[in-house]
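Residue-level listing of the chains:
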Amino acid sequence: MVLATAGKHSATHAVAAVYIHIPFCERKCEYCDFVSVAGAKGQHQYVASLRAELRALGAALDGSVIDTVFCGGGTPGLLDLRLMGELMDEVRASFTLGADPEITLEINPSSSSEQRAHAWRAAGFNRVSVGVQSTHGDVLGFLGRVHDAGRALAAIAEVRAAGFANVSGDLIYAVPGLDDKRWEESLHRLVDAGPDHISCYELTVEAGTPLHRAVAAGRARVVDADSALRQHHIAVHSLESAGYEHYEVSNFARRGMRCAHNLVYWRNNHYAAAGVGAHGHLPASLAPAFALQPPPGALSFRYQHGRAIEAYVAGVARSPLTVRNLEWVDATMRAEESIMLGLRLREGVRLEGTGMAAEARALVAGGFLEVLGMQARATPRGEDVLNQLAVRLAAHCT
Ligand code: SF4
């Protein structure tokens, strides 16, 4: 077993990942708390701002080799195809890409077609993540999704036909009305469509969403935690039986098809981010490029551009590397974050110090953790209480 999570003092200065956020959607889903708006009004101006930010980021990261680019949203697949082509041209012009980069586009089934899929390939994407969410019409209706059950799986066939060799599909569980039998059915139908990678997310009710208001008014109910956990176990069993590796709490992959971009997040490595709502994490050595002065002890900084498109566009016009919502990360924070994030991975995390090792031994005795040398990973039992494990281990980060 190879375990490779960034340790407390292993602050790498390499930045090998770029996230790009496209905030436009056909309409807002009932449960959505992402930075997104209904409609694509203003997309030309928005992409112009993105390109300016990407150019400035590329100059700041001069010398870095980018191995993963992830265009997420929102619904990036909704973007005008010419604009998308120009955006990807900008990525290639601004950054030095690695020899075999993973370049992902998030799409929704409703904005997919074989012709659009060919254009996405031509723009330079080599991986597509499809927001299938469910294969049951009533569940899609409850979630407020635009597509129906047939379209959900047709999109996977379309991107395959256009030549995408790396395709992922997302599903949502713990949805009111989705019983265990139909959840298992959704998993089987998606497996039959043949994606290389599957993500299964629990429905969460976020404040400020229409779903939250419906629950508060008694018009919708939430699925209890035990049922949600049971459906997570059904996913793990079904997908492992179908030959997918359960490599992260919510993610499953065929051999060699893990999402390299998301592994950057879980391994607590650095990544650049462009666009409204996008979160970046960069080494403190890059702070001057953002007109920032790192405080003593800072190893890195996390940043975001706020949630309003107009404010983002205005901010980039003033300075393309404007940062909002800045947070400095010191060695202790970095170690805590590495534990929190890395425990989600089957490859596990590196234990730091004798206090943490002693805590890990207690968790091994309880059947929650497996330890190999100074590396630890959650057992299936530990995965059910992952946050508590992370808190107990992170308490020993100093
Ligand atoms: S498609 Fe995704 S980002 Fe857009 S509204 Fe629905 S959940 Fe939100």
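Criteria and cut-off values
Residues numbered from 1 in each chain as written. Predicted model: local features only at pLDDT ≥ 70, side-chain atom pairs only at ≥ 80, totals over all residues. Helix = DSSP H or I, 4+ residues; strand = E, 2+ residues; numbered from the N terminus. Rg over C-alpha atoms; globule rule 2.2 N^0.38 Å. Buried ≥ 20, exposed ≤ 12 C-beta atoms within 10 Å, placed from the backbone. Contact = placed C-beta atoms within 7 Å. Domains from an automatic or database assignment. Near = placed C-beta within 6 Å. Nonpolar A, V, L, I, M, F, W, Y, C, P; charged D, E, K, R; others polar. Axes fitted to C-alpha atoms, helices over the stretch in contact; angles between N-to-C directions. Left-handed = near helix turned anticlockwise from the far one by under 90°. Expected span 1.5 Å × (residues − 1). Arc of directions from axis to C-beta. Parallel < 35°, antiparallel > 145°, perpendicular 65-115°, else oblique. Pairing = 2+ DSSP bridges.

Caption draft 1: Summary view of the overall build of the protein. For the protein, the count of helices and strands is 14 helices and 17 strands. For 398 residues, the compact-globule estimate of 2.2 N^0.38 gives 21 Å, and the C-alpha radius of gyration of the protein, at 21 Å, lies within 12% of that figure. For the protein, buried positions account for 46% of its 398 residues. Intrachain contacts of the protein at a sequence separation of at least 6 include 74% that bridge at least 24 residues.

Caption draft 2: Up close: the domain arrangement of the protein. Split by domain assignment, the protein resolves into domain 1 (15–264) and domain 2 (349–394). If you average the C-alpha positions of domain 1 and of domain 2, the two centres end up 31 Å apart.

Caption draft 3: Expanded view of the site of the ligand. Close to the ligand lie Cys 25, Lys 28, Cys 29, Cys 32, Phe 34, Ser 36, Gly 73, Gly 74, Thr 75 and Asn 108. In the shell around the ligand, the residues fall into four nonpolar, five polar and one charged.

Caption draft 4: Just the packing of helix 6 (residues 180–193) against helix 8 (residues 225–241), in detail. Close contact between helix 6 and helix 8 brings their axes to 10 Å; oriented N to C, the two are set at 35°. Handedness of the crossing formed by helix 6 with helix 8: right-handed. Every residue of helix 8 that contacts helix 6 at Asp 180, Trp 183, Glu 184, Leu 187 and His 188 is listed here: Arg 230, Gln 231, Ile 234, Ala 235, Ser 238 and Leu 239.

Caption draft 5: Quick peek at the environment of His 305. Within the secondary structure, His 305 is located in the loop between strand 13 (300–304) and helix 10 (309–318). Overall, the presence of 26 C-beta atoms within 10 Å leaves His 305 in the buried class. Separated by 21 residues in the primary sequence, His 305 and Leu 326 place their C-alpha atoms 9.1 Å from one another. Aside from chain neighbours lying at most four places away, what touches His 305 is Val 276, Gly 277, Ala 278, Tyr 312, Gly 315 and Arg 324.

Caption draft 6: Examining helix 8 more closely. For helix 8, built from 17 residues, the straight-helix expectation of 24 Å at 1.5 Å per residue is met to within 8% by its first-to-last C-alpha distance of 24 Å. The complete set of buried residues in helix 8 reads Gln 231, His 232, Ala 235, Ser 238 and Leu 239. An end-on view of helix 8 places all buried positions within 135° of arc, on one side of the element. Away from its buried face by more than 90 degrees, helix 8 exposes Asp 226, Glu 240 and Ser 241. Those residues of helix 8 that are buried are in contact with strand 7 (167–173), helix 6, strand 8 (197–202), strand 9 (245–248) and strand 10 (251–253). Positive backbone phi, at 95°, marks Gly 243, one or two positions downstream of helix 8.

Caption draft 7: Structural context of the packing of helix 11 (residues 331–342) against helix 14 (residues 386–394). Look at helix 11 against helix 14: their axes get within 9 Å of each other, and the N-to-C directions meet at 155°. Between helix 11 and helix 14, the crossing angle belongs to the class labelled roughly antiparallel. With respect to the hand of their crossing, helix 11 and helix 14 are arranged in right-handed fashion. Facing Glu 336, Ile 339 and Met 340 of helix 11, the residues of helix 14 in contact are Ala 390, Leu 393 and Ala 394. Of the residues assigned to the contact of helix 11 with helix 14, the class counts are five nonpolar, no polar and one charged.

Caption draft 8: Spatial organisation of the sheet that holds strand 17 (residues 375–378). Read from one edge of the open sheet, three strands run 15-17-16, paired in antiparallel fashion. Looking at strand neighbours, the two that pair on one side only are strand 15 (349–350) and strand 16 (369–372), the edges of this open sheet. Contacts from helix 12 (residues 353–365) reach strand 16 and strand 17, with the element oriented near 125° to strand 16.

Caption draft 9: Up close: unusual backbone geometry. Looking along the chain, the bond that leaves Gly 73 and enters Gly 74 is cis, with omega of 20°. Tracing the backbone through its elements, the reader meets Gly 74 in the loop between strand 4 (65–73) and helix 2 (81–94). In this structure, Asn 325 takes a positive phi of about 50° despite not being glycine. Note that Asn 325 resides in strand 14 (residues 324–329).

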